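Per-entry structural report
Chain by chain, the residues:
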Amino acid sequence: QQPVQSPQAVILREGEDAVINCSSSKALYSVHWYRQKHGEAPVFLMILLKGGEQKGHDKISASFNEKKQQSSLYLTASQLSYSGTYFCGTEFPGGYQKVTFGTGTKLQVIP
Amino acid sequence: DAGVIQSPRHEVTEMGQEVTLRCKPISGHNSLFWYRQTMMRGLELLIYFNNNVPIDDSGMPEDRFSAKMPNASFSTLKIQPSEPRDSAVYFCASRKTQDSYEQYFGPGTRLTVT
């Protein structure tokens, strides 16, 4: 039931864009996105609930396609500070707060 | 706010020893989560509590692991006896369910079992 993330790793130059995908084999109630910098704890970015709403956080936005049971995280005009590992977490209907995290996408932004 | 507090930050122990990890959630948060993170398995939910009551412990690997939350400001995760495969970073996170979906993670405890 662990969501599948792709790609596993990506290297960007400053200013480039990236998309990270997260897919589930089960119907979803919500998708959570976190970023973890090396040696630190994960930090919440945003949550998307059923309804397909797209949300944004600075130049990072995300979408949620309920029918496809997928979410995508969009990073535009990447900055060095975006480097880290991005995790999606999925919550299923009736899951009562239980969030299952994917294996992560390691993003490195270079000058 | 002080954030989620975990202790110790690092623990090195020998196989067979008992290990106790501690967590103090953010004041006012009513849900608490214990996660384990390894390179191979990623971030795994072990157990979570709501209003001090364990709700789902299906992620606890085996009987060697136990967790308690005696009050709203303190939780422990115990491993007895410890094994080398328990080596990982253990995170505690808390959430205020009435206000937000966001989980606030503590700094983690890096456990090494030799």
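Structure's up top.
Computed from a predicted model, the values in this text were never measured in an experiment.

What is meant by a disulfide is a covalent connection between two cysteines, made through their sulfur atoms. Residue and element names in this part refer to chain B. A complete count under the given rule lists two disulfides over all chains for this structure. The disulfide that involves Cys-23 links it to Cys-92, with 1.8 Å between the sulfurs. Its torsion about the S-S bond being -65°, the disulfide of Cys-23 and Cys-92 is classed as left-handed. Taken together, the positions of Cys-23 in strand β3 (residues 19-24) and Cys-92 in strand β9 (residues 88-95) put the pair 69 residues apart, joining distant regions of the chain.

Where nonpolar side chains cluster on the molecular surface, the patch consists of A:Tyr96, B:Val53 and B:Ile55 and spans about 270 Å² of accessible area. Tracing the backbone through its elements, the reader meets B:Ile55 in strand β6 (residues 53-56). Judged by relative accessible area, B:Ile55 falls into the partly exposed class, the value being 37%.

What follows concerns the interface of chain A and chain B. Each partner contributes to the interface: chain A provides 18 residues, whereas chain B provides 21 residues. Both faces considered, chain A and chain B share a buried interface measuring about 1700 Å² in area, 56% of it formed by carbon and sulfur atoms. When the buried surface of chain A facing chain B is broken down by residue, A:Gln97, A:Lys98 and A:Phe101 rank first, second and third, together holding 33% of it. For the interface between chain A and chain B, the tally reads one salt bridge.

Right, let's get into the environment of B:Lys78. All names here are of chain B. Along the chain, the position of Lys-78 falls in strand β8 (residues 74-79). Between the C-alpha atom of Lys-78 and that of Pro-8, which follows or precedes it by 70 residues, the distance is 13 Å. Those residues in contact with Lys-78 that lie beyond four places of it in its chain are Glu-18, Val-19, Thr-20, Arg-64, Phe-65 and Ser-66.

The description of an aromatic ring pair uses the distance of the two centres, along with the angle that the planes make with each other. In the structure shown here, the tally under the stated rule is nine aromatic pairs over all chains. Between the aromatic rings of A:Tyr34 and A:Phe101, the centroid separation amounts to 5.5 Å while the plane-to-plane angle is 75°, which identifies the pairing as edge-to-face. Here A:Tyr34 is found in strand β4 (residues 30-36), whereas its partner A:Phe101 is found in strand β10 (residues 100-101), with 67 residues between them in sequence. Each member of the pair A:Tyr34 and A:Phe101 is classed as buried. Grouping aromatic residues by their ring pairs yields a cluster made of A:Tyr34, A:Phe44, A:Phe87, A:Phe101, B:Phe33, B:Tyr35, B:Tyr48, B:Phe91 and B:Phe105.

Rules of the game
- Residues numbered from 1 in each chain as written.
- Chains lettered and ligands numbered in written order.
- Predicted model: local features only at pLDDT ≥ 70, side-chain atom pairs only at ≥ 80, totals over all residues.
- Heavy atoms only, no water.
- Disulfide = S-S within 2.5 Å.
- Helix = DSSP H or I, 4+ residues; strand = E, 2+ residues; numbered from the N terminus.
- Patch = residues over 30% accessible without salt bridge, like charges linked within 9 Å, V, L, I, M, F, W, Y side chains within 5 Å.
- Areas by Shrake-Rupley, 256 points an atom, 1.4 Å probe, with all protein chains shown as cover.
- Salt bridge = Lys/Arg side-chain N within 4 Å of Asp/Glu carboxyl O.
- Buried < 20%, exposed > 50% of the residue type's maximum accessible area, 1.4 Å probe, protein only.
- Contact = heavy atoms within 4.5 Å.
- Buried area = accessible area lost by both parts, 1.4 Å probe.
- Phe/Tyr/Trp six-rings, centres within 6.5 Å; stacked < 30°, edge-to-face > 60°.

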